[in-house]
Amino acid sequence: MSDKLRVGILGATGMVGQRFILLLENHPWFEPVLVAASGRSAGKPYAEAVEGRWKMDVPTPEYVKDMPVYDMDADFDKICASVDFVFCAVNMPKDQIKALEEKYAKAEVPVVSNNSANRWTPDVPMVVPEINPEHLEVIEAQRKRLGTERGFICVKPNCSIQSYTPALNALKEFKPKLVVATTYQAISGAGKTFAQWPEMEGNIIPYIGGEEEKSEKEPLRLWGNIVDGKIVPATEPVITCQCIRVPVLNGHTAAVFVNFEKKPTKEQIIEAWRNYKALPQELDLPSAPEHFIQYLEDDDRPQVRLDVNFENGMGISLGRLREDSVFDYKFVGLSHNTLRGAAGGAVEIAELLRAKGYLVSKEG
Ligand code: NAP
């Protein structure tokens, strides 16, 4: 028998779900055994359920085409019996997602989630494996609350913050105090392609519902500490953001200004970025990029078209670092919103959870 963990994908027919389907094909540690979505898709073979709405630029993998799509509510017992854990990326009201994720966790099925519903649940770790892997320790307190032995929820943060938070995290020793970030966000972040959102061609929309608050607050939770079984967010740096939708398919760019308590030199900043190594690299997790951050010297980089797929979309590209007349420095960051920012980030979290013993086979 394979020693891979059996995984189900909840929301498998959506844009993030489709990314999971691609990323899990031939994954060395995880075997995708089940796909689930709403009652609208349930009962159909996967290929039929996504007909006319497959949004990836490569065809649907053979392994999943004939898998029946389960209803994540009605087939709950069957799903729980068939998997060791689930990935969750669903588009539903927040209270329903919260209830759904907790229902699976309480049934001893760990949930690795892309959704925002549980990002502020105090004992749910929200993790970027290269930034705060130690937050997984709060799972113990969460299991006590849920009354579970195996089950828990672990989430990833919003896609926008990955375009600037890794850069700031690398500079923690210089104490960033104040950050102003404007994000230029791809349409796939809304689960759309240009065919489905033709109004975005040649257009900019200066509003993404809820995004600015997430972009300002979520980095502080990543930098928080565990106190009495809860994550207490950091209070610095102060971050203010504007989030703008731009006519790009994949890739969120951020233009960032920053003030430090101890202003570093430009060379110190670039060295800290280029030398960034963290636990996923030490553990050699299958999805971990060899280089989490690259710094590009050319004035016209990073560019979405040239750089978004750096390290298979799991690396962060930075450039244009220079002193500023108002702030200490300014720079530009870029990350792939559906890879590092969504499904890829979640797969790497699951790898970290397995490497640290939180995800195990039900059969022991
Ligand atoms: P999407 O393309 O709209 O897909 C939504 C999925 O949820 C589909 O599988 C859909 O199933 C299922 N669903 C919808 N209503 C449901 C219901 N009432 N009951 C059960 N399943 C239901 O959305 P997406 O872009 O993949 O995003 C999914 C989640 O990931 C969202 O919470 C989003 O905020 C988050 N996220 C997205 C990105 C991104 O870059 N797109 C990044 C980070 C996080 P049917 O096909 O059967 O309707």
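Refer to the structure above for everything that follows.
Just so it is clear, the model here is predicted, and its values are computed rather than measured.

### Here we look at the overall build of the chain
Each helix and strand counted, the chain has twelve helices and 14 strands in total. Dimensions along the principal axes, computed over C-alpha positions, put the chain at roughly 60 × 50 × 35 Å. Across the chain, the fraction of contacts at a sequence separation of at least 24, relative to all contacts at a separation of at least 6, is 76%.

### What to know about the site of the ligand
Inspection of the region around the ligand gives 27 residues, with G14, A37, S38, S41 and G191 positioned closest. Elements supplying a minimum of two residues to the shell around the ligand: helix 1 (15-24) and helix 12 (339-355). Mapping the shell around the ligand onto the domain boundaries places at least three of its residues in each of domain 1 (5-158 + 343-355) and domain 2 (160-336).

### What about unusual backbone geometry?
Geometrically, the link from E236 to P237 is a cis peptide bond, its omega value of 0 degrees lying close to zero. Tracing the backbone shows P237 in the loop between strand 9 (230-232) and strand 10 (238-245). A cis amide bond, omega 0 degrees, links R301 with the succeeding residue P302. Note on placement: P302 falls in the loop between strand 12 (293-296) and helix 11 (304-307). Despite not being glycine, E108 shows a phi value in the positive range, around 70 degrees. Mapping E108 onto the fold places it in the loop between helix 5 (94-106) and strand 5 (111-113). The phi dihedral of E311 falls on the positive side, at around 55 degrees, and the residue is not glycine. As for its position among the elements, E311 is in the loop between helix 11 and strand 13 (316-323). Residue class for E311 comes out buried when judged on the 20 C-beta atoms lying within 10 Å of it.

Basis of the calculations
- By convention here, each chain's residues receive numbers from 1 onward along its written sequence.
- It should be noted that, the model being predicted, local features are given only for residues of pLDDT at least 70 and side-chain atom pairs only at 80 or more, the latter also being counted only at that level, while totals for whole chains, interfaces and linings use all residues.
- Strands here are runs of E lasting at least two residues and helices are runs of H or I lasting at least four, both read from the DSSP assignment and numbered beginning at the N terminus.
- Whether two residues are in contact depends on their C-beta atoms, placed from the backbone: they are in contact if these lie within 7 Å.
- In this analysis, residues qualify as near a molecule or strand once their C-beta atom, positioned from backbone atoms, comes within 6 Å of it.
- Each domain's extent was defined by an automatic or database domain assignment.
- Here exposure depends only on C-beta density: within 10 Å of a residue's C-beta, 20 or more other C-beta atoms make it buried, 12 or fewer make it exposed, and intermediate numbers make it partly exposed, the C-beta atoms being placed from the backbone.

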